[in-house]
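Descriptive structure summary
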Amino acid sequence: MQIGITAMGAYLPALRVDRKAIAREYSWSGLGMPRGGFRALAGWDEDSLTMAVEAARGLVRTAPESLRIASTSAYYTERSQSAIALDALALPRTVRTVDFGNSRRAATTAMLDALLGTGDQIVVASEKRLTQAGSAAQLAYGDGAAAVRIGEGGGARLAGFASVTHDLVDRYASQDHPTPYAYEERFVRDVAVAELIVPAIRDACEEAGIEPGHLTHVAVAEPVGGTWAAAARQLKVAAPNHCQSVSDAAGDLGTAMPLYGLGLALAAAAVGDYVLVVGFGSGVDALVFEVTGEVEGVAGFAEVLTQGFRLTSPTRFLNLSGALSLDWGMRAEFQQKSQATVLERVGRDTIGFIGGRDSGGNVQFPKSAYPVNPALSEPEVLEDVRLADLEAKIVSITADRLNFTPDPPFDFGLVQFDNGARVLMEMVDRPEQGFAVGDRVRMRLRIKSQNRELGTRTYFWKAAPRARPTLGDA
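Let us look at the structure shown here. (Residues numbered from 1 in each chain as written. Predicted model: local features only at pLDDT ≥ 70, side-chain atom pairs only at ≥ 80, totals over all residues. Heavy atoms only, no water.)

**A word on unusual backbone geometry**
- Backbone torsion omega between phenylalanine 365 and proline 366 reads -5°, so that peptide bond is classified as cis.
- Cis geometry marks the peptide bond from proline 408 to proline 409, where omega comes out at 5°.
- As for its placement among the helices and strands, proline 409 is situated in the loop between β18 (392–400) and β19 (410–417).
- A positive phi is found at alanine 90, a non-glycine position, where the angle reads about 55°.
- When you line up the elements, alanine 90 lands in the loop between α3 (81–88) and β5 (96–100).
- The backbone of lysine 236 sits at a positive phi, close to 60°, despite the residue not being glycine.
- With respect to the secondary-structure elements, lysine 236 resides in the loop between α7 (227–235) and α8 (242–249).
- Lysine 236 sits in the exposed class, given a relative accessible area of 68%. (Helix = DSSP H or I, 4+ residues; strand = E, 2+ residues; numbered from the N terminus. Buried < 20%, exposed > 50% of the residue type's maximum accessible area, 1.4 Å probe, protein only.)

Here's what the structure looks like:
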């Protein structure tokens, strides 16, 4: 049976920066930056790993043969993101894992490799990139993730592809310059269109047996604005570029950009349509898909773009994006260290949020040798119960401004799952009116603690509102 795309998933942070409000704050400087739409902004406790898990969690009802994560902003440079995600998603340790990086087209390269292989595979792309205050990238970039599951059948089959490797330095980031350094846009656009994008699309369409003009939807991750418009004129393609919708509503998602645009394109396409996705960075990947049926999950991509909380505070934006270091006082000096022995003993149950059910049917977290059920007095092996995928309701809630958090207030309280388990948890994605007893919540993987001195983070699940409000127009 033919290999194709069977399902997709997407995740964007709840906060959306109103570009107009922030650009107005910079107006005295005369610096050029985007002034319309929104920029998706990760919370202090979100990174490329947590967002990758959120994007992929809907695709793991059964275990794949491999899990591939693409990102240029992984926190660890020597610790595999996909290996941590494997435990967070509670997947078997026999699933093969691979990390891709160092290029914005890492996700399309990983997806193409998966499509050319055999078996059932998941590819996830996720980004939370540093930017320099005042740069155009600060408002043009966005944080977010998208995932694709590839296997037998599916609603989109690979009809043709082409790849070109070309060390065109349109922008770069390095150990000595961790924020992006961008080169002159006209030079980048002219070379990218003539040497990479147009030839690759022509070759991919030729392999698919179609003319470029037969493409009905495209998802082209542009290196600079106007690239697709220039390429489309040469190719005589009238199809809309769905990555532009992502850029307007959430920003340039880096490696996740082509996958997110592909999800929107597949949702808009009909059976028999041809859809193009292009990943750009140190070359180009062009993949042409023939839509043969429904792809699970793509219908929700557009909705995710329209939901969240509008952010108009410049200082909160700078604080959360890492461009402004605030003095939080002595309460912020507390440092936690994750011990390898603890991670080895209980780390998989912790990041997987796996509790246990005793012989009396009571569910507890964490698991223990002796059940907490007072009716039981002998050691038991508890049955695994994954709490990460279950909803709960708030039983008690406190909004604390004394306990340190980089984005106060610190909301915490007791939540009760429908199976009876009660866990003291942090709350995130605070609604405007705050949390209340009785609110239904869902679980989100977040950073639990970070030790900047030792360069390490711990992860755990936090309770978030079950639904997000509609964002409205910027």
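Don't stop here, the text continues.
**A few points about the sheet that holds β19**
- Spatial strand order, β20-β19-β18-β21-β22: 5 strands in an open sheet with antiparallel pairing. A strand with exactly one partner marks an edge of an open sheet, and here the two such strands are β20 (422–426) and β22 (456–465). With strand direction ignored, the average angle separating the axes of adjacent strands in the sheet is 25°.
- As judged from the 8 bridges shared by β18 and β19, these two strands associate in the antiparallel manner. Counted as the bridge partner of isoleucine 394 is valine 415 from β19. (Pairing = 2+ DSSP bridges. Axes fitted to C-alpha atoms, helices over the stretch in contact; angles between N-to-C directions.)

**Quick look at helix α2 (residues 48–56)**
- In terms of burial, α2 is largely enclosed, as 9 of its 9 residues are buried.
- Of the positions making up α2, those classed as buried are Ser48, Leu49, Thr50, Met51, Ala52, Val53, Glu54, Ala55 and Ala56.
- The N-capping residue of α2, defined by a side-chain oxygen 3.0 Å from the backbone nitrogen of leucine 49, is aspartate 47. (Polar contact = N/O pair within 3.5 Å; in protein donor to acceptor, adjacent residues only side chain to side chain.)

**Quick word on empty space enclosed by the protein**
- Counted under the stated rule, the structure contains 1 cavity of 30 Å³ or more.
- Its volume calculated, the largest cavity comes out at about 30 Å³.
- Considered class by class, the residues forming the lining of the largest cavity number 5 nonpolar, 1 polar and 1 charged. (1 Å grid on protein atoms, 1.4 Å probe; cavity = no way out; pocket = protein on both sides within 12 Å on 5 of 7 lines; lining within 4 Å. Points joined across faces, edges and corners; volume = space filled by probe spheres on them. Nonpolar A, V, L, I, M, F, W, Y, C, P; charged D, E, K, R; others polar.)

**Description of the pairing of strand β2 (residues 15–18)**
- Alternating residues of β2 divide into Leu15 and Val17 and Arg16 and Asp18, and every residue in both groups is buried.
- Bridge count for β2 against strand β3 (residues 38–41) is 4 bridges, and the pairing is antiparallel. When the bridges of β3 are listed, valine 17 appears paired with arginine 39.
- Sheet topology note: the β2/strand β14 (residues 309–311) ladder contains 3 bridges and is parallel. Looking across to β14, one finds that valine 17 is bridged to leucine 311.

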